[in-house]
Amino acid sequence: SLTTARRMLIFSRKSSSDCAVSLTSPRRDGENTGRVIEAMTYPSHDDVLYLAGIIDGEGSISVARSHSNRGQSPSYRVRLLVSNTYTPLLEWIRDRWGGYIWPWGESRAGRKLGFCWEIDSDAAGQIIARVRPYLQVKTRQAWLALEYLAQRTVHFGPPGLSQEELALREGFHLASKHLNRRGI
């Protein structure tokens, strides 16, 4: 996969309200190969409003924790997720905002198979920042996710995160779990 630094954004305006974005692969000499990696429609203001409603009703905003199999300290990330059985809705979101769709749950008699659209880390933060003014239900979760992204120390490789940074991230994770528990 290409790193963000090696991706090149190409915008092509179809009309005054519609814009398409393609991520293309540059060659080592910096020239564009023209090979489209990912094509997206640039989201309009109405798309932002619609997504805010979908997130409020069918979505989840969290600071997620995952553990390494190698005994390293846990990793934390902002996670934005929308669950639904209607895949065209999730494809509409993916086509405008990126991310990926994966099957969720089990197919049982009388029940449809569910799917989730997911995006995480800084990309999720950018989307949350755009929809936050229009959220009605998940405003506290959005604020917490954006605050986490603003306060965390970005770190790559050894020697690992400090105990203070781990405690900060764990605090955000626990606060997120509290806000997302059932019945709230």
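Structure's up top.
Residues numbered from 1 in each chain as written. Predicted model: local features only at pLDDT ≥ 70, side-chain atom pairs only at ≥ 80, totals over all residues. Heavy atoms only, no water.

Trainee: Can you lay out the overall build of the protein chain for me, pointing to particular residues and giving the numbers?
Mentor: Counting secondary structure elements, the protein chain contains five helices and seven strands. When the helices and strands of the protein chain are placed in sequence order, the string is β-β-β-α-β-β-α-β-β-α-α-α. Within the span of the protein chain, comprising 184 residues, buried residues form 35% of the whole. Considering only contacts within the protein chain whose residues lie at least 6 apart along the sequence, 50% involve residues at least 24 apart. As displayed, the protein chain offers around 11600 Å² of accessible surface, 50% of which is attributable to carbon and sulfur atoms. (Helix = DSSP H or I, 4+ residues; strand = E, 2+ residues; numbered from the N terminus. Buried < 20%, exposed > 50% of the residue type's maximum accessible area, 1.4 Å probe, protein only. Contact = heavy atoms within 4.5 Å. Areas by Shrake-Rupley, 256 points an atom, 1.4 Å probe, with all protein chains shown as cover.)

Trainee: Residue-level account of the nonpolar core, with values.
Mentor: Of all hydrophobic cores here, the largest spans 32 residues; its most connected members are Ile55, Ile61, Leu80, Ile93, Trp97 and Trp117. Elements represented by at least two residues in this core include exactly helix 1 (45–58), strand 4 (59–66), strand 5 (75–84), helix 2 (87–97), strand 7 (114–120), helix 3 (121–131), helix 4 (139–151) and helix 5 (163–180). (Core = buried A, V, L, I, M, F, W, Y, C linked by side-chain atoms within 4.5 Å.)

Trainee: Explain the sheet that holds strand 5 to me, using residue names and the numbers behind them.
Mentor: With antiparallel pairing, four strands are arranged side by side in an open sheet as 4-5-7-6. Among the strands making up the open sheet, the edge pair consists of strand 4 and strand 6 (100–104). In this sheet, neighbouring strand axes are inclined to one another by 35° on average, regardless of whether the strands run parallel or antiparallel. By the bridge criterion, eight bridges tie strand 4 to strand 5 in an arrangement that is antiparallel. Residue pairing across strands places Ile61 opposite Leu80, the latter belonging to strand 5. Across the sheet, helix 1 lies against strand 4 and strand 5, angled at about 95° from strand 5, the strand it touches most. Helix-sheet contacts for helix 3 involve strand 4, strand 5 and strand 7, and the interaxial angle to strand 7 is about 95°. (Pairing = 2+ DSSP bridges. Axes fitted to C-alpha atoms, helices over the stretch in contact; angles between N-to-C directions.)

Trainee: Give a detailed account of the pattern of salt bridges, specifying residues and quantitative values.
Mentor: Charged atoms that come close allow side chains of opposite charge to pair. In total, this model carries eight salt bridges according to the counting rule given. A salt bridge links Asp47 to Arg96; the shortest N-O distance between them is 3.3 Å. Highlighted residues: Asp47 in helix 1 and Arg96 in helix 2, separated in sequence by 49 residues. By the burial criterion, Asp47 is buried, and Arg96 matches it. With its nearest N and O atoms 2.9 Å apart, the salt bridge here joins Arg77 to Asp120. A residue pair is termed long-range when its members are at least 10 positions apart, and Arg77 in strand 5 and Asp120 in strand 7 qualify at 43 residues. Residue classification places Arg77 among the partly exposed residues on the basis of a relative accessible area of 23%. When salt bridges with common partners are traced through the structure, they connect Arg77, Arg79, Glu118 and Asp120 into a single cluster. (Salt bridge = Lys/Arg side-chain N within 4 Å of Asp/Glu carboxyl O.)

Trainee: Can you break down helix 5 residue by residue, with the values?
Mentor: Each α-helix winds once per 3.6 residues, and so residues spaced three or four apart point in a common direction. Taking 1.5 Å of rise per residue, the 18 residues of helix 5 would be expected to cover 26 Å, and the 26 Å separating its terminal C-alpha atoms lies within 8% of that figure. Within helix 5 the residues assigned to the buried category are Glu165, Leu166, Arg169, Glu170, Phe172, His173, Ser176 and Leu179. (Expected span 1.5 Å × (residues − 1).)

Trainee: Pulling in residues and values, what's your account of the pairing of strand 5?
Mentor: Among the 10 residues of strand 5, seven are classified as buried, and the element is accordingly described as predominantly covered. With six bridges joining them, strand 5 and strand 7 adopt antiparallel strand pairing. Bridging across to strand 7, Val82 finds its partner in Trp117.

Trainee: An account of the packing of helix 1 against helix 2 is requested, with residue identities and associated values reported.
Mentor: The N-to-C vectors of helix 1 and helix 2 enclose an angle of 130°; their axes lie 12 Å apart at closest approach. Considered as vectors, helix 1 and helix 2 are oriented oblique to each other. Our pair here, helix 1 against helix 2, has a crossing hand that is left-handed. Of the residues in helix 2, those touching helix 1 at Asp47, Val48, Tyr50, Leu51 and Ile54 are Leu89, Trp92, Ile93, Arg96 and Trp97. Grouping the constituent residues of the contact of helix 1 with helix 2 by class yields eight nonpolar, no polar and two charged. (Parallel < 35°, antiparallel > 145°, perpendicular 65-115°, else oblique. Left-handed = near helix turned anticlockwise from the far one by under 90°. Nonpolar A, V, L, I, M, F, W, Y, C, P; charged D, E, K, R; others polar.)

What is shown is where atoms sit, not what they do.
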